[in-house]
Amino acid sequence: AQSVTQPDIHITVSEGASLELRCNYSYGATPYLFWYVQSPGQGLQLLLKYFSGDTLVQGIKGFEAEFKRSQSSFNLRKPSVHWSDAAEYFCAVGISNAGNNRKLIWGLGTSLAVNP
Amino acid sequence: EAQVTQNPRYLITVTGKKLTVTCSQNMNHEYMSWYRQDPGLGLRQIYYSMNVEVTDKGDVPEGYKVSRKEKRNFPLILESPSPNQTSLYFCASSLRFSGGYNEQFFGPGTRLTVL
(Lines give C-alpha, C1' and ligand atoms only; values in the text may rest on other atoms or scores of the structure.)
Protein backbone atom coordinates (compact mmCIF):
# COMPACT_ATOMS: atom_id res chain seq x y z
CA ALA A 1 0.00 0.00 0.00
CA GLN A 2 1.12 3.52 -0.67
CA SER A 3 2.26 5.50 2.32
CA VAL A 4 4.32 8.48 3.37
CA THR A 5 6.24 8.57 6.62
CA GLN A 6 7.56 11.66 8.32
CA PRO A 7 9.56 10.24 11.24
CA ASP A 8 9.84 13.48 13.18
CA ILE A 9 6.60 14.71 14.68
CA HIS A 10 8.12 17.81 16.14
CA ILE A 11 11.45 19.59 15.59
CA THR A 12 12.85 22.66 17.29
CA VAL A 13 15.75 24.60 15.82
CA SER A 14 17.39 27.90 16.57
CA GLU A 15 17.02 30.77 14.17
CA GLY A 16 19.87 30.72 11.69
CA ALA A 17 20.51 27.01 12.09
CA SER A 18 20.17 24.54 9.26
CA LEU A 19 17.13 22.33 8.91
CA GLU A 20 16.41 18.93 7.48
CA LEU A 21 12.94 17.36 7.56
CA ARG A 22 12.74 13.72 6.66
CA CYS A 23 10.25 12.04 4.38
CA ASN A 24 10.09 8.42 3.26
CA TYR A 25 7.53 7.03 0.87
CA SER A 26 6.28 3.68 -0.24
CA TYR A 27 4.97 3.57 -3.79
CA GLY A 28 5.61 1.05 -6.52
CA ALA A 29 5.61 3.36 -9.52
CA THR A 30 7.35 6.61 -10.36
CA PRO A 31 6.58 8.95 -7.49
CA TYR A 32 5.45 12.50 -7.84
CA LEU A 33 6.65 14.12 -4.64
CA PHE A 34 5.62 17.29 -2.90
CA TRP A 35 6.35 19.35 0.17
CA TYR A 36 3.63 21.64 1.49
CA VAL A 37 3.71 24.07 4.39
CA GLN A 38 0.78 24.98 6.59
CA SER A 39 1.15 28.03 8.80
CA PRO A 40 -1.17 28.39 11.80
CA GLY A 41 -4.69 29.09 10.59
CA GLN A 42 -3.59 29.05 6.98
CA GLY A 43 -4.09 26.76 4.04
CA LEU A 44 -1.57 24.56 2.32
CA GLN A 45 1.15 26.19 0.31
CA LEU A 46 3.34 24.26 -2.10
CA LEU A 47 7.04 24.60 -1.28
CA LEU A 48 8.42 22.42 -4.04
CA LYS A 49 7.76 19.36 -6.14
CA TYR A 50 9.66 16.59 -7.87
CA PHE A 51 8.34 15.02 -11.03
CA SER A 52 11.47 13.91 -12.89
CA GLY A 53 14.96 15.01 -13.86
CA ASP A 54 17.42 16.59 -11.47
CA THR A 55 17.01 14.97 -8.08
CA LEU A 56 17.79 18.18 -6.22
CA VAL A 57 14.88 20.57 -6.53
CA GLN A 58 14.65 24.15 -5.44
CA GLY A 59 11.53 25.66 -3.98
CA ILE A 60 10.21 28.85 -2.55
CA LYS A 61 11.42 30.54 0.64
CA GLY A 62 14.93 29.11 0.25
CA PHE A 63 13.90 25.47 0.62
CA GLU A 64 15.30 22.58 -1.35
CA ALA A 65 14.69 18.84 -1.38
CA GLU A 66 16.59 15.87 -2.64
CA PHE A 67 14.98 12.78 -4.14
CA LYS A 68 16.85 9.56 -3.43
CA ARG A 69 15.21 6.65 -5.16
CA SER A 70 17.43 4.04 -3.50
CA GLN A 71 16.33 5.24 -0.08
CA SER A 72 12.73 6.11 -1.06
CA SER A 73 13.31 9.48 0.51
CA PHE A 74 12.55 13.09 -0.28
CA ASN A 75 14.08 15.16 2.52
CA LEU A 76 13.49 18.87 2.81
CA ARG A 77 16.34 21.19 3.70
CA LYS A 78 17.04 24.82 4.40
CA PRO A 79 20.50 26.18 5.20
CA SER A 80 19.38 28.94 7.57
CA VAL A 81 16.00 28.93 9.26
CA HIS A 82 14.04 32.12 9.90
CA TRP A 83 11.51 32.59 12.69
CA SER A 84 8.78 32.87 10.06
CA ASP A 85 9.47 29.27 9.00
CA ALA A 86 7.71 27.98 12.12
CA ALA A 87 4.84 25.94 10.71
CA GLU A 88 3.63 22.43 9.94
CA TYR A 89 5.35 20.73 7.01
CA PHE A 90 3.77 17.97 5.00
CA CYS A 91 5.32 15.57 2.54
CA ALA A 92 2.99 14.01 -0.02
CA VAL A 93 3.19 11.60 -2.91
CA GLY A 94 0.88 11.89 -5.88
CA ILE A 95 -0.53 8.64 -7.15
CA SER A 96 -2.86 7.54 -9.87
CA ASN A 97 -5.32 4.73 -9.58
CA ALA A 98 -8.34 3.35 -11.37
CA GLY A 99 -10.32 6.12 -12.95
CA ASN A 100 -7.30 8.40 -13.24
CA ASN A 101 -7.79 9.89 -9.80
CA ARG A 102 -4.72 11.86 -8.88
CA LYS A 103 -5.04 11.94 -5.13
CA LEU A 104 -2.24 12.84 -2.80
CA ILE A 105 -1.09 10.50 -0.04
CA TRP A 106 0.08 12.57 2.88
CA GLY A 107 2.50 12.16 5.71
CA LEU A 108 1.27 13.17 9.15
CA GLY A 109 3.40 16.25 9.17
CA THR A 110 6.34 17.67 11.09
CA SER A 111 5.76 20.62 13.34
CA LEU A 112 8.67 23.05 13.26
CA ALA A 113 9.36 25.46 16.10
CA VAL A 114 12.06 28.12 15.78
CA ASN A 115 13.82 29.51 18.84
CA PRO A 116 15.01 33.13 18.62
CA GLU B 1 -5.28 36.30 -8.92
CA ALA B 2 -5.40 32.53 -9.45
CA GLN B 3 -6.97 30.97 -6.41
CA VAL B 4 -9.23 28.42 -4.81
CA THR B 5 -11.79 29.91 -2.46
CA GLN B 6 -13.84 28.17 0.20
CA ASN B 7 -16.80 29.39 2.21
CA PRO B 8 -17.38 29.53 5.01
CA ARG B 9 -13.95 29.51 6.61
CA TYR B 10 -15.37 28.61 10.00
CA LEU B 11 -18.65 26.94 10.84
CA ILE B 12 -20.18 25.65 14.05
CA THR B 13 -23.36 23.68 13.61
CA VAL B 14 -25.47 21.04 15.31
CA THR B 15 -25.99 17.41 14.54
CA GLY B 16 -28.38 16.78 11.67
CA LYS B 17 -28.55 20.27 10.25
CA LYS B 18 -27.73 20.10 6.56
CA LEU B 19 -24.86 22.28 5.40
CA THR B 20 -22.88 23.04 2.27
CA VAL B 21 -19.28 24.13 2.02
CA THR B 22 -18.61 25.87 -1.24
CA CYS B 23 -15.43 25.63 -3.29
CA SER B 24 -14.66 27.71 -6.33
CA GLN B 25 -11.58 28.03 -8.53
CA ASN B 26 -10.79 30.59 -11.21
CA MET B 27 -8.07 28.67 -13.04
CA ASN B 28 -10.29 26.69 -15.42
CA HIS B 29 -9.12 23.47 -13.80
CA GLU B 30 -10.80 20.21 -14.71
CA TYR B 31 -9.82 18.23 -11.62
CA MET B 32 -11.15 19.11 -8.18
CA SER B 33 -11.00 17.27 -4.90
CA TRP B 34 -12.01 17.47 -1.25
CA TYR B 35 -9.81 16.42 1.66
CA ARG B 36 -10.35 16.38 5.39
CA GLN B 37 -7.53 16.85 7.88
CA ASP B 38 -7.64 15.23 11.30
CA PRO B 39 -4.96 14.99 14.02
CA GLY B 40 -3.11 11.71 13.83
CA LEU B 41 -4.78 10.78 10.55
CA GLY B 42 -3.45 13.47 8.26
CA LEU B 43 -5.27 14.49 5.12
CA ARG B 44 -7.62 12.03 3.48
CA GLN B 45 -9.49 12.38 0.24
CA ILE B 46 -13.29 12.52 0.46
CA TYR B 47 -14.44 12.95 -3.15
CA TYR B 48 -12.95 14.03 -6.42
CA SER B 49 -14.15 15.19 -9.80
CA MET B 50 -12.43 14.76 -13.12
CA ASN B 51 -14.70 17.23 -14.90
CA VAL B 52 -18.22 18.59 -15.02
CA GLU B 53 -20.77 15.94 -14.04
CA VAL B 54 -17.98 13.43 -13.30
CA THR B 55 -17.46 12.70 -9.62
CA ASP B 56 -16.25 9.72 -7.65
CA LYS B 57 -15.56 8.62 -4.10
CA GLY B 58 -12.23 9.02 -2.41
CA ASP B 59 -11.11 7.20 0.71
CA VAL B 60 -13.63 8.55 3.22
CA PRO B 61 -16.85 9.45 1.38
CA GLU B 62 -19.37 8.29 3.99
CA GLY B 63 -21.68 11.07 5.12
CA TYR B 64 -20.74 13.42 2.28
CA LYS B 65 -22.11 14.33 -1.13
CA VAL B 66 -20.69 16.46 -3.90
CA SER B 67 -21.84 17.88 -7.19
CA ARG B 68 -20.07 19.36 -10.19
CA LYS B 69 -22.57 21.24 -12.29
CA GLU B 70 -20.11 23.92 -13.32
CA LYS B 71 -16.42 23.64 -13.97
CA ARG B 72 -15.44 26.23 -11.40
CA ASN B 73 -17.54 25.00 -8.46
CA PHE B 74 -17.35 21.83 -6.40
CA PRO B 75 -19.53 22.09 -3.27
CA LEU B 76 -19.29 19.61 -0.42
CA ILE B 77 -22.65 18.71 1.11
CA LEU B 78 -23.23 17.22 4.53
CA GLU B 79 -26.86 16.09 4.54
CA SER B 80 -26.94 15.16 8.22
CA PRO B 81 -23.73 16.20 9.93
CA SER B 82 -22.47 14.25 12.91
CA PRO B 83 -19.78 15.08 15.48
CA ASN B 84 -17.29 12.74 13.78
CA GLN B 85 -17.34 15.09 10.81
CA THR B 86 -15.76 17.80 12.90
CA SER B 87 -12.61 18.48 10.93
CA LEU B 88 -10.61 20.87 8.77
CA TYR B 89 -11.66 20.60 5.14
CA PHE B 90 -9.62 21.50 2.10
CA CYS B 91 -10.67 21.85 -1.50
CA ALA B 92 -8.06 21.43 -4.23
CA SER B 93 -7.94 21.80 -7.99
CA SER B 94 -5.57 21.15 -10.85
CA LEU B 95 -5.38 20.90 -14.59
CA ARG B 96 -6.46 17.61 -16.09
CA PHE B 97 -3.90 14.86 -16.07
CA SER B 98 -2.43 13.48 -19.26
CA GLY B 99 -0.33 10.57 -18.15
CA GLY B 100 1.60 12.42 -15.52
CA TYR B 101 0.78 14.68 -12.65
CA ASN B 102 -0.09 18.30 -12.12
CA GLU B 103 0.29 20.45 -9.07
CA GLN B 104 -2.82 20.73 -6.96
CA PHE B 105 -3.79 24.13 -5.63
CA PHE B 106 -5.49 24.27 -2.26
CA GLY B 107 -8.10 26.51 -0.77
CA PRO B 108 -7.61 28.14 2.65
CA GLY B 109 -9.58 25.47 4.49
CA THR B 110 -12.91 25.34 6.30
CA ARG B 111 -12.92 24.48 9.96
CA LEU B 112 -16.16 22.70 10.78
CA THR B 113 -17.40 21.87 14.26
CA VAL B 114 -20.48 19.70 14.67
CA LEU B 115 -21.99 19.75 18.17
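Residues numbered from 1 in each chain as written. Chains lettered and ligands numbered in written order. Predicted model: local features only at pLDDT ≥ 70, side-chain atom pairs only at ≥ 80, totals over all residues. Heavy atoms only, no water.

Draft legend 1. Spatial organisation of the sheet that holds strand E3 (residues 19–25) of chain B. Residues and elements named next belong to chain B. Across the sheet, which stays open at both edges, the four strands sit in the order E1-E3-E8-E7 with antiparallel pairing between neighbours. A single partner strand is all that each edge strand has here, and the edge strands are strand E1 (4–7) and strand E7 (65–66). Pairing of E1 with E3 involves four bridges; the strand directions are antiparallel. Looking at E3, one finds that Asn-7 is bridged to Thr-22. (Pairing = 2+ DSSP bridges. Helix = DSSP H or I, 4+ residues; strand = E, 2+ residues; numbered from the N terminus.)

Draft legend 2. Spatial organisation of the interface of chain B and chain A. Opposite the 24 residues of chain B that make contact, chain A presents 23 residues. Summed over both partners, the interface of chain B with chain A buries about 1,900 Å², with 56% contributed by carbon and sulfur atoms. Between chain B and chain A we count two salt bridges in total. As a salt-bridge pair, B:Glu103 and A:Lys49 come within 3.8 Å of each other at their nearest N and O atoms. Counting across the chain B and chain A interface gives four residue pairs in polar contact (both at pLDDT 80 or more). Elements represented by at least two residues in the side of chain B that touches chain A include exactly strand E4 (31–38), strand E5 (42–51) and strand E9 (87–94) of chain B. (Contact = heavy atoms within 4.5 Å. Buried area = accessible area lost by both parts, 1.4 Å probe. Salt bridge = Lys/Arg side-chain N within 4 Å of Asp/Glu carboxyl O. Polar contact = N/O pair within 3.5 Å; in protein donor to acceptor, adjacent residues only side chain to side chain.)

Draft legend 3. Up close: the state of the cysteines. What the rule picks out here adds up to two disulfides over all chains. Through a disulfide, A:Cys23 is tied to A:Cys91; the S-S separation comes to 1.9 Å. Looking along the S-S bond of the A:Cys23-A:Cys91 disulfide, the torsion reads about -65°, which is the left-handed sense. Taken together, the residues A:Cys23 in the loop between strand E3 (19–21) and strand E4 (24–26) and A:Cys91 in strand E10 (residues 87–94) connect sequence positions 68 residues apart. For A:Cys91, a relative accessible area of 0% puts it in the buried group. Note on cysteine connectivity: B:Cys23 is disulfide-linked to B:Cys91, with sulfurs 1.8 Å apart. When the S-S torsion is -70°, as for the bridge of B:Cys23 with B:Cys91, the disulfide is left-handed. Here B:Cys91 lies in strand E9 and B:Cys23 lies in strand E3, a separation of 68 residues in the sequence. Neither B:Cys23 nor B:Cys91 differs from the other in exposure class; each is buried. (Disulfide = S-S within 2.5 Å. Buried < 20%, exposed > 50% of the residue type's maximum accessible area, 1.4 Å probe, protein only.)

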